[in-house]
Amino acid sequence: MMQQQRHYFYSLNTMRFFFALIVILIHVELYRGYIFEHTLLEKSKLLRDIGPVLVSFFFVISGFLISYFLLSEKIKNGSISYKKFYKSRILRIWPLYYLTILIYWKVLPNLTLLNPLHEAFFFVQQHPTKHGMLLSENQYFTISMLFLPQFTYAIAGTIDSIATYATFTWSIGVEEFFYLFWPFVLNKSKDEKKGITSVFIFYFVVYALCILALGISKYLLHSGMLTKLSTFAVFSVYLNRISCMCVGGLGAYFVIHNMDMLKKYCTVPRAWMATVLIIVLLVTGIFTQDVLSILYMFVILCIIVYAKPIPLLDNKILSYFGQVTYGIYMYHSMVIPLSYVLLKKYNAFNMYSFYLCSYAGTIIIAVLSYEFFEKPFLKLKDKNLLAFIKTKN
């Protein structure tokens, strides 16, 4: 069992790395658009639409892995240790998050090197209103420091019509929000499958109510402010894709409690069929995030049931890069603009050098960060951080 577990966790790490590379591709093209260059996004509807789809994949994997470890702990110990869980998540996520938030909000904006990009894009109202902005730059920063970047994104996009710093961190905020209640759901539920399903249904009920409120505000009350607030509510619920992580949670439940059923239905031919269907849906644009999340989870379950080494996915080097995906995600949006301005400054800019510097710079910085900044925090997971207080007493 441990060998099989290691196999499919290697596979998931590698899959995360490949998807992170596509995220960099999309954001490189977005930055080229900001600086008024022709981009691949203009030519490819698939690239324009695939960003949110990739994030849903990360949410499914997160939901699966977190639920798998929590359910395994519950089976082994009879309950889930909240202290252990939150200590682990804080040490893994908070140090890098706060480091990069400070860099994006307080360091990069003050670099004269980036002035052209700053003036062209950041904190410029795309559709100015006579009322001005609802929140100031410092208030946006405060919300991000409270680990709620998804709400800075929602307010900025639906009410203030601006682009804030580190917009991409909204997905980190979503995961943190998920962690607030998920251990309690799994620990308190006698039937974890029912508990997960209940959260899934509750999410869609809230989403439907927000959409209903938007319709009433816009078409019956004709209230501009209520329409904006309702749009904010819809967008906020949409961003907090609890449904995708619930799908991952259900996958983990079946792996632990119903592997025999998975072996019956999760076959290699069906995995290929699901993969082809995912590609067709992406190319045609006929999809919803939740349909895709179910297909993602099905393919992952097929990989788990297959239980044999898959040369590309089980490559140890690629799996290692999958472990540093968090750093790749957090650093890439600072490496891309820095690569652009430095290449321009030294007359070395072209599409190929831009891509090379963006990819290589991001991966190198992510690896260095993981080894020398993140790992020291990870080593504290099994240590009692308050031991020194007890010693003094």
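If you're wondering where the values come from, they're calculated on a predicted model, not measured in any experiment. (Residues numbered from 1 in each chain as written. Predicted model: local features only at pLDDT ≥ 70, side-chain atom pairs only at ≥ 80, totals over all residues. Heavy atoms only, no water.)

1. A few points about the overall build of the chain
Part 1: Scanning the chain from terminus to terminus reveals 17 helices and zero strands.
Part 2: Residues counted as buried form 49% of the 393 residues belonging to the chain.
Part 3: Long-range pairs, those at least 24 residues apart, make up 79% of the contacts in the chain with a sequence separation of at least 6. (Helix = DSSP H or I, 4+ residues; strand = E, 2+ residues; numbered from the N terminus. Buried < 20%, exposed > 50% of the residue type's maximum accessible area, 1.4 Å probe, protein only. Contact = heavy atoms within 4.5 Å.)

2. Quick notes on the packing of aromatic side chains
Part 1: For the coordinates displayed, the defined rule picks out 41 aromatic pairs.
Part 2: For the pair Phe17 and Phe18, a centre-to-centre distance of 6.1 Å together with 40 degrees between the ring planes defines the contact as tilted.
Part 3: Phe17 sits in the buried class, given a relative accessible area of 5%.
Part 4: With a centroid separation of 6.2 Å and an interplanar angle of 20 degrees, the aromatic rings of Tyr355 and Tyr359 are classed as stacked. With Tyr355 and Tyr359 both in helix H16 (residues 351-378) and four residues apart, the pair spans about one turn of that helix.
Part 5: According to the relative accessible area criterion, Tyr355 is buried, its value standing at 13%.
Part 6: Aromatic rings pair up to connect Tyr82, Phe85, Tyr86, Phe177, Phe178, Tyr179, Phe181, Trp182 and Phe184 into one cluster.
Part 7: Lying over the aromatic face of Tyr238, Arg241 brings its terminal NZ or CZ to 4.6 Å of the ring centre. (Phe/Tyr/Trp six-rings, centres within 6.5 Å; stacked < 30°, edge-to-face > 60°. Lys NZ or Arg CZ within 6 Å of the ring centre and 35° of its normal.)

3. Observations regarding the pattern of salt bridges
Part 1: The full count for this structure, using the stated rule, is three salt bridges.
Part 2: Note that Glu192 is salt-bridged to Lys74, the shortest N-O span being 3.0 Å. With Glu192 in helix H8 (residues 192-220) and Lys74 in helix H2 (residues 45-77), this pair connects stretches of sequence that are 118 residues apart.
Part 3: Since its relative accessible area comes to 10%, Glu192 is described here as buried.
Part 4: Of the residues examined, Lys74 reaches a relative accessible area of 15% and is grouped as buried.
Part 5: Linking Glu374 and Arg92 is a salt bridge whose minimum nitrogen-to-oxygen distance equals 2.8 Å. Placement of Glu374 in helix H16 and of Arg92 in helix H3 (residues 82-107) is noted, with a sequence separation of 282 residues between them. (Salt bridge = Lys/Arg side-chain N within 4 Å of Asp/Glu carboxyl O.)

4. What about the environment of Cys302?
Part 1: Mapping Cys302 onto the fold places it in helix H13 (residues 289-306).
Part 2: The spatial distance from the C-alpha of Cys302 to the C-alpha of Val268 is 6.6 Å, given a sequence separation of 34 residues.
Part 3: Sequence-distant contacts of Cys302, that is, excluding residues within four places in its chain, are made with Cys266, Thr267 and Ala271.

5. A short note on the packing of helix H7 (residues 170-188) against H8
Part 1: Packing of H7 against H8 brings their axes to within 8 Å, and their N-to-C directions diverge by 145 degrees. Where H7 approaches H8, its residues Phe181, Trp182, Val185 and Leu186 are matched on the opposing element by Glu192, Gly195, Ile196 and Val199.
Part 2: Here the contact of H7 with H8 is composed, by residue class, of six nonpolar, one polar and one charged. (Axes fitted to C-alpha atoms, helices over the stretch in contact; angles between N-to-C directions. Nonpolar A, V, L, I, M, F, W, Y, C, P; charged D, E, K, R; others polar.)

6. A few points about helix H15 (residues 325-345)
Part 1: With 21 residues, H15 should cover 30 Å at 1.5 Å per step; its first-to-last C-alpha distance of 29 Å lies within 8% of that length.
Part 2: Burial analysis of H15 places 17 of its 21 residues in the buried class, which makes it a mostly covered element.
Part 3: Immediately beyond the C-terminal end of H15, within one or two residues, lies Asn347, with a positive phi of roughly 55 degrees. (Expected span 1.5 Å × (residues − 1).)

7. Things to note about the layout of surface pockets
Part 1: Looking at the largest pocket, its volume works out to about 1,400 Å³.
Part 2: Surrounding the largest pocket, 37 residues form its lining, Arg16, Leu65, Phe69, Arg89 and Arg92 being those nearest its centre.
Part 3: Of all the secondary structure elements, the ones that give two or more residues to the lining of the largest pocket are helix H1 (2-34), H2, H3, H7, helix H14 (316-323), H15 and H16.
Part 4: With 11 residues, H2 is the largest single contributor of residues to the lining of the largest pocket.
Part 5: Among the residues making up the lining of the largest pocket, the classes are represented as 17 nonpolar, nine polar and 11 charged. (1 Å grid on protein atoms, 1.4 Å probe; cavity = no way out; pocket = protein on both sides within 12 Å on 5 of 7 lines; lining within 4 Å. Points joined across faces, edges and corners; volume = space filled by probe spheres on them.)

8. Section: the confidence of the model for the chain
In low-pLDDT regions, the fine details of the predicted coordinates are not to be read closely.
Part 1: Across the chain, pLDDT averages 86, with 87% of residues at or above 70.
Part 2: This stretch, residues 1-7, has a pLDDT under 50; its non-local contacts, to residues over four places away or in other chains, come to 12 contacts.
Part 3: Note that residues 387-393 has pLDDT below 50 and, in this model, one contact with residues that lie over four places away or in other chains. (pLDDT = per-residue confidence, 0-100.)

9. Observations concerning a nonpolar patch on the surface
Part 1: On the surface, Ile201, Val205, Leu209, Leu212, Ile216, Tyr219, Leu220, Leu221, Met225, Leu226 and Leu229 cluster together into a nonpolar patch covering about 1,100 Å² of accessible area.
Part 2: Of all elements in the fold, only H8 and helix H9 (224-239) reach the threshold of two or more residues within the nonpolar patch.
Part 3: Looking at the nonpolar patch, the element that brings in the most residues is H8, giving seven residues.
Part 4: Positionally, Met225 belongs in helix H9. (Patch = residues over 30% accessible without salt bridge, like charges linked within 9 Å, V, L, I, M, F, W, Y side chains within 5 Å. Areas by Shrake-Rupley, 256 points an atom, 1.4 Å probe, with all protein chains shown as cover.)

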